[in-house]
Amino acid sequence: MFMIAALLGLAMGAIVLLMQRSAPSSVRGLLETGWSAIAFAVASLLIALRDHVPEILSFLLANVMLYVALAANAHGVARFYHRSDLARPIYGIALLCSVIYCIIYALGAGIQGRVYVYTGVLLVLFGIKTWLLLRETRGNRGIGWGIMLVLTVTMMLLASARALAFATSPVADSVFSQHPINIAHGVGSMFALVFMTLAFILAVNERYRQVLQDLAYTDSLTGLMNRRAFMDAMAREHAKVQRGQSSYCVAVADLDHFKRINDALGHAAGDRVLESFASRVQACIRPGDVVGRIGGEEFAIGLPGVSQADGMQIIERIRKLVAATPVNWRGQPVMITVSIGLSRCKDADTSFEQVLLRADQALYDAKLTRDATAAK
Ligand SMILES: Nc1nc2c(ncn2[C@@H]2O[C@H](COP(=O)(O)OP(=O)(O)OP(=O)(O)O)[C@@H](O)[C@H]2O)c(=O)[nH]1
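Not measured: the values here are computed from a predicted model. (Residues numbered from 1 in each chain as written. Predicted model: local features only at pLDDT ≥ 70, side-chain atom pairs only at ≥ 80, totals over all residues. Heavy atoms only, no water.)

**A short note on the overall build of the protein chain**
- When you go through the protein chain residue by residue, the secondary structure sums to 12 helices and 7 strands.
- Looking at the protein chain as a whole, 49% of its 376 residues qualify as buried.
- Long-range pairs, those at least 24 residues apart, make up 70% of the contacts in the protein chain between residues at least 6 apart in sequence.
- Here the protein chain displays about 17,900 Å² of accessible surface, and carbon together with sulfur accounts for 62% of that area. (Helix = DSSP H or I, 4+ residues; strand = E, 2+ residues; numbered from the N terminus. Buried < 20%, exposed > 50% of the residue type's maximum accessible area, 1.4 Å probe, protein only. Contact = heavy atoms within 4.5 Å. Areas by Shrake-Rupley, 256 points an atom, 1.4 Å probe, with all protein chains shown as cover.)

**Some remarks on the pairing of strand 1 (residues 248-255)**
- Burial analysis of strand 1 places 8 of its 8 residues in the buried class, which makes it a mostly covered element.
- Residues of strand 1 alternate between two faces, with Tyr248, Val250, Val252 and Asp254 on one and Cys249, Ala251, Ala253 and Leu255 on the opposite face, all of them buried.
- Pairing analysis gives 7 bridges linking strand 1 to strand 3 (residues 298-304), with the strands arranged antiparallel. Considered in strand 3, the bridge of Val250 is made with Gly302. (Pairing = 2+ DSSP bridges.)

**Notes on the site of the ligand**
- Taken together, 16 residues lie near the ligand, and His257, Phe258, Asn262, Asp271 and Arg293 sit nearest.
- In the environment of the ligand, a nitrogen atom lies 2.7 Å from a nitrogen or oxygen atom belonging to the side chain of Asp271.
- Separating an oxygen atom of the ligand from a side-chain N or O atom of Lys367 is a distance of 2.9 Å.
- Within the complex, the protein chains bury 67% of what would otherwise be the 670 Å² of accessible surface of the ligand.
- Taken together, the elements giving at least two residues each to the shell around the ligand come down to strand 1, helix 9 (258-265) and helix 10 (267-284).
- Of the residues assigned to the shell around the ligand, the class counts are 3 nonpolar, 5 polar and 8 charged. (Near = heavy atom within 4 Å. Polar contact = N/O pair within 3.5 Å; in protein donor to acceptor, adjacent residues only side chain to side chain. Nonpolar A, V, L, I, M, F, W, Y, C, P; charged D, E, K, R; others polar.)

**Regarding the nonpolar core**
- Grouped together as the largest cluster of nonpolar side chains are 63 residues, with contacts concentrated most on Leu30, Leu70 and Met155.
- Of all the elements in the fold, those that place two or more residues in this core are helix 1 (2-21), helix 2 (30-48), helix 3 (55-80), helix 4 (87-106), helix 5 (111-135), helix 6 (143-168) and helix 7 (180-217).
- A total of 13 residues in this core trace back to one element, the largest contributor, which is helix 3.
- Setting aside residues up to four positions removed in sequence, Leu30 forms contacts with Val16, Leu17, Met19, Gln20, Ala23, Phe200, Val204 and Tyr208.
- Listed in part, the 31 residues of the second largest apolar core include Leu255, Phe277, Val334 and Ile336. (Core = buried A, V, L, I, M, F, W, Y, C linked by side-chain atoms within 4.5 Å.)

**A short note on a nonpolar patch on the surface**
- A contiguous nonpolar patch, built from Met3, Leu7, Leu10 and Leu45 and spanning about 340 Å² of accessible area, is present on the exposed surface.
- In terms of residue count, helix 1 provides more of the nonpolar patch than any other element does, 3 residues in total.
- Considering the arrangement of structural elements, one finds Leu45 in helix 2. (Patch = residues over 30% accessible without salt bridge, like charges linked within 9 Å, V, L, I, M, F, W, Y side chains within 5 Å. Salt bridge = Lys/Arg side-chain N within 4 Å of Asp/Glu carboxyl O.)

**Thoughts on helix 4**
- Here helix 4 spans 28 Å end to end across 20 residues, near enough to the 28 Å set by a 1.5 Å rise per residue.
- Among the residues of helix 4, those classed as buried are Ala87, Ile90, Ala94, Cys97, Ser98, Tyr101, Ile104 and Tyr105. Looking straight down helix 4, one finds its buried side chains confined to an arc of 140°; they lie on one side. Exposed side of helix 4, more than 90 degrees from the buried face: Arg88, Leu95, Leu96 and Ala106 are the residues found there.
- Contacts from the buried residues of helix 4 go to helix 3 and helix 5.
- Gly108 occupies a position one or two residues after helix 4 and carries a positive phi of about 70°. (Expected span 1.5 Å × (residues − 1). Arc of directions from axis to C-beta.)

**A look at the pairing of strand 6 (residues 338-344)**
- Counting buried positions over the 7 residues of strand 6 gives 6, a clear majority of the element.
- Sheet topology note: the strand 1/strand 6 ladder contains 7 bridges and is antiparallel. Bridged to Val252 within strand 6 is Gly341.
- Where strand 6 and strand 7 (residues 373-375) come together, 3 bridges link them in parallel fashion. Paired with Gly341 across the bridge in strand 7 is Ala374.
- Remark: the strand 6/helix 12 (residues 352-369)/strand 7 crossover connection has left-handed handedness. (Right-handed = clockwise from strand over helix to strand, strands pointing away.)

**Here's the deal with the sheet that holds strand 7**
- An order of 2-3-1-6-7 is seen for the 5 strands of this open sheet, with the pairing classed as mixed. Here the strands that pair on one side only, and so sit at the sheet edges, are strand 2 (290-293) and strand 7. Direction aside, neighbouring strands of the sheet carry axes that sit 15° apart on average.
- On the sheet, helix 11 (residues 308-324) packs against strand 1, strand 3, strand 6 and strand 7 and is oriented at approximately 170° with respect to strand 6. (Axes fitted to C-alpha atoms, helices over the stretch in contact; angles between N-to-C directions.)

**Concerning the UniProt feature "transmembrane region" (unreviewed entry) in the protein chain**
- This chain's UniProt record puts "transmembrane region" (unreviewed entry) on residues 56-78, 90-109, 115-134, 143-163 and 183-204.
- Strand forms 0% of residues 56-78 and helix 100%; the C-alpha atoms that close the span are 32 Å apart.
- The straight-line gap between the two end C-alpha atoms of residues 143-163 is 30 Å; of that span, 100% is helix and 0% is strand. (UniProt positions renumbered as here; feature names shortened; annotations may be inferred.)

**Quick notes on the state of the cysteines**
- Evaluation of the coordinates by the stated rule reveals 0 disulfides.
- This cysteine, Cys345, is not joined by any disulfide, and Cys249 carries the nearest cysteine sulfur, 9.1 Å off. (Disulfide = S-S within 2.5 Å.)

**What to know about unusual backbone geometry**
- In this model, His82 sits at a positive phi of 60°, which is unusual for a non-glycine residue.
- Assignment of secondary structure puts His82 in the loop between helix 3 and helix 4.
- For His82, a relative accessible area of 43% puts it in the partly exposed group.
- The backbone of Arg330 shows a phi angle near 50°, a positive value even though the residue is not glycine.
- With respect to the helices, strands and loops of the structure, Arg330 is situated in the loop between strand 4 (327-329) and strand 5 (332-334).

As structure tokens, this is what we get:
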């Protein structure tokens, strides 16, 4: 059985380490989880060969490898959830417990002492892991997350029950004793770590999907929605209007003479202007409003439940704020202005594209003078 666990651990470790090679930099923790599975496989292998290798290997080295596996597993989850700062305490605990274990072993202390040290290290490291998992917001809790949590808590319960059995039962006089809780713990831990690695792979896949979705729907420069995401969001808004809910306005904003900024100060300055324009727009709208970058220096703002008069006030506010606050580029103020066109969805509009087209025509009117707003 230990041999099966070792082979499964090796296979899992190899898969995770191979996945790490092509993982985007925002998905972390694969390296640690891969090595955790390998360390666990080595520990299982040493235990499997306990009748053929010196006791110092099958007991001492196997246990130290197990501590390394537990620590790397907790560290992998910590990095996955962006808590790399926990590496020191995690490995510190594993190292301290390894030293204590070695001393206990060298002193020839009874089996109880070793079981308590193992239980202690597992409870602390997996306690940290459980805490990290429970901190995740509902939106980030997928199937992989759920399986990891269940297995982590199960391992903690099994280890505690075994420590209790070793403290109370004279039957449990060896780590390989046939005491039911000892067997449950042995089998449980062997396969739990393997399945935990599998659950981690599931969590990584869920994260990949999230990363791809973000890439597909987010403008990488400003962090706003890109054109596709904006159009989708507004198509949903339009469908609500067709179901009889309140109407919406859409505004299209275009920076004036933006090419001149690029030409005079360089593309990086142009990018900086786009970023600060995006944050200015966000400062002028409410949480339910939708804003996206739909072209090079063209932005669109969806204003659900807003009348044309209120919409005009909002875009005037944006225009004035932009004109009044220059962008800081390497200590130099860069003056910018924006022209904005607005349109409100009417009963006759059968699609969002029609409303957007009218806002574009209003923008054309505003562009005649620049630093202006217009509605259609
Ligand atoms: N820095 C930067 N420039 C961009 C980006 N996308 C588009 N541009 C530039 O934006 C400029 C748009 O130029 P035009 O369409 O002539 O618009 P404009 O200069 O603002 O003129 P008006 O809109 O008529 O006032 C072009 O020079 C594009 O290269 C970007 O992501 N970053």
